[in-house]
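Each chain, letter by letter, is given below.
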Amino acid sequence: MLPQMEYKYTSVSGDFSKGSDDLPLPHGLSLSSLPKNKLCSIASMGVNQFNLRYARDCNSTKNCSPFDAGVRYVPRIMSMYMIECSEDKERMRVLLEFPNTSYVSFRRSFNPETTLVGEGTWDETEHQLCIVACRISGVTEESWDNALVGDCSTKLSLRFPAIWSIEDVSNIVGKIWTNKTVQESGYFNGIMFRSSRNRMAGVTDLKYQYTKIDTARKLCPKSEKPARTTNEERYVNGSSIAVMRFDSL
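Reference entry: report on the structure contained in this document. Just so it is clear, the model here is predicted, and its values are computed rather than measured.

Conventions adopted
Residues numbered from 1 in each chain as written. Predicted model: local features only at pLDDT ≥ 70, side-chain atom pairs only at ≥ 80, totals over all residues. Heavy atoms only, no water. Helix = DSSP H or I, 4+ residues; strand = E, 2+ residues; numbered from the N terminus. Buried < 20%, exposed > 50% of the residue type's maximum accessible area, 1.4 Å probe, protein only. Contact = heavy atoms within 4.5 Å. Areas by Shrake-Rupley, 256 points an atom, 1.4 Å probe, with all protein chains shown as cover. Salt bridge = Lys/Arg side-chain N within 4 Å of Asp/Glu carboxyl O. Phe/Tyr/Trp six-rings, centres within 6.5 Å; stacked < 30°, edge-to-face > 60°. Lys NZ or Arg CZ within 6 Å of the ring centre and 35° of its normal. Patch = residues over 30% accessible without salt bridge, like charges linked within 9 Å, V, L, I, M, F, W, Y side chains within 5 Å. Pairing = 2+ DSSP bridges. Core = buried A, V, L, I, M, F, W, Y, C linked by side-chain atoms within 4.5 Å.

## Topic: the overall build of the protein
Secondary structure summary: the protein contains one helix and ten strands in total. Order of helices (α) and strands (β) in the protein, N terminus to C terminus: β-β-β-β-β-β-β-β-β-β-α. Looking at the protein residue by residue over its 249 residues, the buried ones come to 39%. Considering only intrachain contacts with a sequence separation of at least 6, the fraction spanning at least 24 residues in the protein is 61%. Of the roughly 16,300 Å² of accessible surface on the protein, 49% is carried by carbon and sulfur atoms.

## Observations concerning the pattern of salt bridges
One pass over the full model with this rule turns up six salt bridges. Where R135 meets D151, a salt bridge forms, and the shortest distance between an N and an O atom there is 3.1 Å. With R135 in strand β5 (residues 128-137) and D151 in strand β6 (residues 148-159), this residue pair connects regions lying 16 residues apart in the sequence. Residue class for R135 comes out buried when judged on its relative accessible area of 17%. Close ionic contact of K212 with E167 constitutes a salt bridge, the shortest N to O distance being 3.3 Å. Taken as a pair, K212 in the loop between β10 (207-208) and α1 (213-219) and E167 in the loop between β7 (163-164) and β8 (173-178) lie far apart in primary sequence, 45 residues in all. The network of salt bridges with common partners includes R135, D151 and K180.

## Considering the packing of aromatic side chains
Across all of its chains, the model carries four aromatic pairs by this definition. With centroids separated by 5.2 Å and ring planes inclined at 70 degrees, the aromatic side chains of F50 and F193 adopt a geometry described as edge-to-face. Remark: F193 occurs in strand β9 (residues 191-195) and F50 occurs in strand β1 (residues 48-53); sequence separation between them is 143 residues. Neither residue differs from the other here; F50 and F193 are each classed as buried. Aromatic pair F67 and F98: ring centres 5.2 Å apart, planes at 75 degrees, arrangement edge-to-face. Of this pair, F67 sits in the loop between β1 and β2 (77-86) while F98 sits in the loop between β3 (91-97) and β4 (115-123), and the two are 31 residues apart along the sequence. Comparing F67 with F98, the two get one shared label, buried. For the cation-ring pair, K175 lies above W177, with the distance from its terminal atom to the ring centre recorded as 5.5 Å.

## Brief notes about a nonpolar patch on the surface
Taken together, the side chains of I166, Y208, Y210 and I213 define a hydrophobic patch exposed on the protein surface, amounting to about 440 Å² of accessible area. Checked against the element boundaries, Y208 lands in strand β10.

## A look at the side chain of Q49
The topology assignment puts Q49 in strand β1. In contact with Q49, not counting residues within four places along its chain, are I77, M78, S102, Y103, V104, R194, S195 and S196.

## Digging into the environment of A147
Here A147 lies in the loop between β5 and β6. Put simply, A147 and S137 are ten residues apart on the chain and 5.7 Å apart in space, counted from C-alpha to C-alpha. When neighbours within four sequence positions are excluded, A147 is seen to be in contact with S137, G138 and V139.

## Remarks on the pairing of β9
Within β9, four of the five residues are buried, leaving the element largely enclosed by the surrounding structure. Here β1 pairs with β9 via four bridges, running antiparallel. Each residue of the ladder has a partner; that of N51, found in β9, is R194. Where β8 meets β9, four bridges bridge the pair, whose relative direction is antiparallel.

## A short note on the nonpolar core
Grouped together as the largest cluster of nonpolar side chains are 33 residues, with contacts concentrated most on M78, L96 and I176. The set of elements that each furnish at least two residues to this core consists of β1, β2, β3, β4, β5, β6 and β9. Counting residues in each nonpolar core, the second largest holds eight residues, with I77, I83, L95 and C134 among its members.

If you want it as structure tokens, here you go:
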């Protein structure tokens with residue numbers, strides 16, 4: 001369906017906008033911190049499902065969905081498929097789909113109206129993957145003869161958070177926006193997205209930030225009474241595996 005040989009990258013450029021400042025992203029891991037230390041190692045993630053998060057006042061397709069009014073639903077998830085990756089050029093091609101479901105189905109039908117094709121490159125300064133996405137038009141049920149790829153005004157940035165917390169353990173976060181103005185057709189408000197996975201095997205620079213320790217300490221204040229004898233322990237013995245055990249993620 002999409003060309004695999006002699007492909008020329010045209011959309012990715014150094015003039016990639018950071019997007020709306022009201023959609024800040026956490027500090028990301030550098031490429032050297034990721035498994036295999038290479039851009040194309042991201043391809044090993046295969047199919048990725050991302051949960052979309054819209055602005056609070058978003059309750060219709062108007063200025064919410066990246067697609068026009070012909071698509072009568074606001075997508076809840078996005079899936080990203082790797083088409084190809086060039087390590088020497090530090091470029092990749094991806095397919096972005098926005099189905100009307102809450103999960104990615106492997107037996108899905110291709111819908112060009114809710115699919116974007118994009119080119120991406122890694123920005124080591126910002127520690128993020130930058131993607132320029134384009135719309136597909138001119139496709140009918142009978143033929144792809146008049147298919148066109150254009151309107152590359154949709155942008156995405158994707159990061160691997162360097163710090164996790166109890167409230168955020170997504171291994172990938174990002175945002176989607178358009179460089180169109182509010183007055184232009186096709187404009188939509190910025191969209192945040194997070195991966196549905198929370199595992200990052202083989203990453204050494206990943207850190208965890210404790211944010212609820214003070215609250216936990218207040219629940220168990222230190223007693224000013226003298227310590228009890230060994231046979232009169234007030235709390236469960238935390239070192240007893242048979243009585244008390246915690247499993248980490």
